[in-house]
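Residues per chain are reported as follows:
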Amino acid sequence: MIINAPIWRNADLIRIIPITRADLNQAMSRNDFRPEYTSRPGKARWYSWKDVVAVAAAQELRKLGLGPSVAFRLVQEHLSPFLRGRIREPDDCAGVLWLIRPSKDHLTIETPCEFLRHTEGEDLRIAPNENACIIVNVGQIAGRVFNDLQATETAKVIRREFQTSTVAA
């Protein structure tokens, strides 16, 4: 079987991010997170690198104190569509920041979000009349996650399959 886009298993996500299998399954069973590829009943679930970046970003939001449902819903409603619609390769994430702008007193799924490309030497300014925002460094997360994915056993098997299929062709 030749795979056009590398995909990874549950075990790869759990090891790389880290996230527990129970937390990952709970996010999907509650429809807070939907991976790019739908698994068939009785078959293993596979994830694209964009899914892995999304789950890692949700875990970063959880470290800030957001509950799992809110973190994964924000990712599902804002980050996943951005990654799937505007990002083709992991390098395309370089310098991308996700700004989550809560209202004056709370954070909801409808909270306005913005994605911008930022360079290290550039100042990131927030206007004095704006509320504080949560900044998620998507570029940094994507770089770390993709490098870790490349080192997994799944990636080694995929590389062997690609090498075998290109030699045979």
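Everything discussed here concerns the structure shown above.
Note that this is a predicted model, so its numbers are computed, not measured.

(A) Up close: the environment of Ile19. Among the secondary structure elements, Ile19 is positioned in the loop between helix H1 (10–16) and helix H2 (21–29). What makes Ile19 buried here is its relative accessible area of 4%. A C-alpha to C-alpha distance of 7.4 Å links Ile19 and Gln59, two positions 40 residues apart in sequence. Ignoring sequence-local partners within four residues, the contact set of Ile19 consists of Leu13, Ile14, Leu24, Val55, Gln59 and Phe72.

(B) Quick peek at the side chain of Gln76. For Gln76, the location among the structural elements is in helix H4 (residues 68–86). With near-sequence residues (within four places) excluded, Gln76 lies in contact with Asp32, Phe33, Arg34, Pro81 and Arg84.

(C) Summary view of H4. Along its 19 residues, H4 runs 25 Å from first to last C-alpha, staying within 8% of the 27 Å computed at 1.5 Å per residue. Taken as a whole, H4 has its buried residues at Ala71, Phe72, Leu74, Val75, Gln76, His78, Leu79, Ser80, Phe82 and Leu83. Packing partners of the buried residues in H4 comprise H2, helix H3 (49–63), strand E3 (96–100), strand E4 (113–117) and helix H5 (138–150).

(D) Seen up close, empty space enclosed by the protein. Under the definition given, this model contains one cavity of 30 Å³ or more. The computed volume of the largest cavity comes to approximately 70 Å³. For the largest cavity, the full set of lining residues is Asp23, Gln26, Ala27, Arg30, Asp32, Pro68, Ser69 and Phe72. Those elements that place two or more of their residues in the lining of the largest cavity are H2 and H4.

(E) Examining the pairing of strand E5 (residues 134–137) more closely. Only one face of E5 is covered, namely the face carrying Ile134 and Val136; the face carrying Ile135 and Asn137 is uncovered. Pairing between E3 and E5: four bridges, direction antiparallel. Bridge pairing in E5 places Ile100 opposite Ile134.

(F) The arrangement of the packing of aromatic side chains in detail. A complete count under the given rule lists four aromatic pairs for this structure. Taking 6.0 Å as the distance between ring centres and 55° as the angle between the ring planes, the aromatic pair formed by Phe33 and Phe72 counts as tilted. Placement of the pair is Phe33 in the loop between H2 and strand E2 (46–47) and Phe72 in helix H4, with a sequence separation of 39 residues. Neither Phe33 nor Phe72 differs from the other in exposure class; each is buried. Summarising the aromatic geometry, the rings of Trp98 and Phe115 are spaced 5.8 Å apart at their centres and angled 15° between planes, so their arrangement reads as stacked. Taken together, the residues Trp98 in strand E3 and Phe115 in strand E4 connect sequence positions 17 residues apart. Overall, the relative accessible area of 0% leaves Trp98 in the buried class. Cluster of aromatic residues (ring-pair linked, three or more members): Phe82, Trp98 and Phe115.

(G) Local environment of H2. When we look at burial in H2, the residues that qualify are Leu24, Ala27 and Met28. Relative to the axis of H2, the buried residues are bounded by an arc of 95° and lie together on one face. Residues of H2 that are exposed and point more than 90 degrees away from the buried face comprise Ala22 and Ser29. Along its buried surface, H2 packs onto H1, E2, H3 and H4. With its phi angle positive at about 60°, Asn31 sits one or two positions after the end of H2.

(H) Expanded view of the sheet that holds E5. Taken in spatial order, the three strands of this open sheet run E4-E3-E5, and their pairing is antiparallel. Sheet topology places E4 and E5 at the edges, where each strand pairs with a single neighbour. Strand-to-strand twist of the sheet, defined as the mean angle between neighbouring strand axes without regard to direction, takes the value 20°. Against the sheet, H4 engages E3 and E4, with an angle of about 150° to E3.

How each quantity is defined
- Residues numbered from 1 in each chain as written.
- Predicted model: local features only at pLDDT ≥ 70, side-chain atom pairs only at ≥ 80, totals over all residues.
- Heavy atoms only, no water.
- Helix = DSSP H or I, 4+ residues; strand = E, 2+ residues; numbered from the N terminus.
- Buried < 20%, exposed > 50% of the residue type's maximum accessible area, 1.4 Å probe, protein only.
- Contact = heavy atoms within 4.5 Å.
- Expected span 1.5 Å × (residues − 1).
- 1 Å grid on protein atoms, 1.4 Å probe; cavity = no way out; pocket = protein on both sides within 12 Å on 5 of 7 lines; lining within 4 Å.
- Points joined across faces, edges and corners; volume = space filled by probe spheres on them.
- Pairing = 2+ DSSP bridges.
- Phe/Tyr/Trp six-rings, centres within 6.5 Å; stacked < 30°, edge-to-face > 60°.
- Arc of directions from axis to C-beta.
- Axes fitted to C-alpha atoms, helices over the stretch in contact; angles between N-to-C directions.

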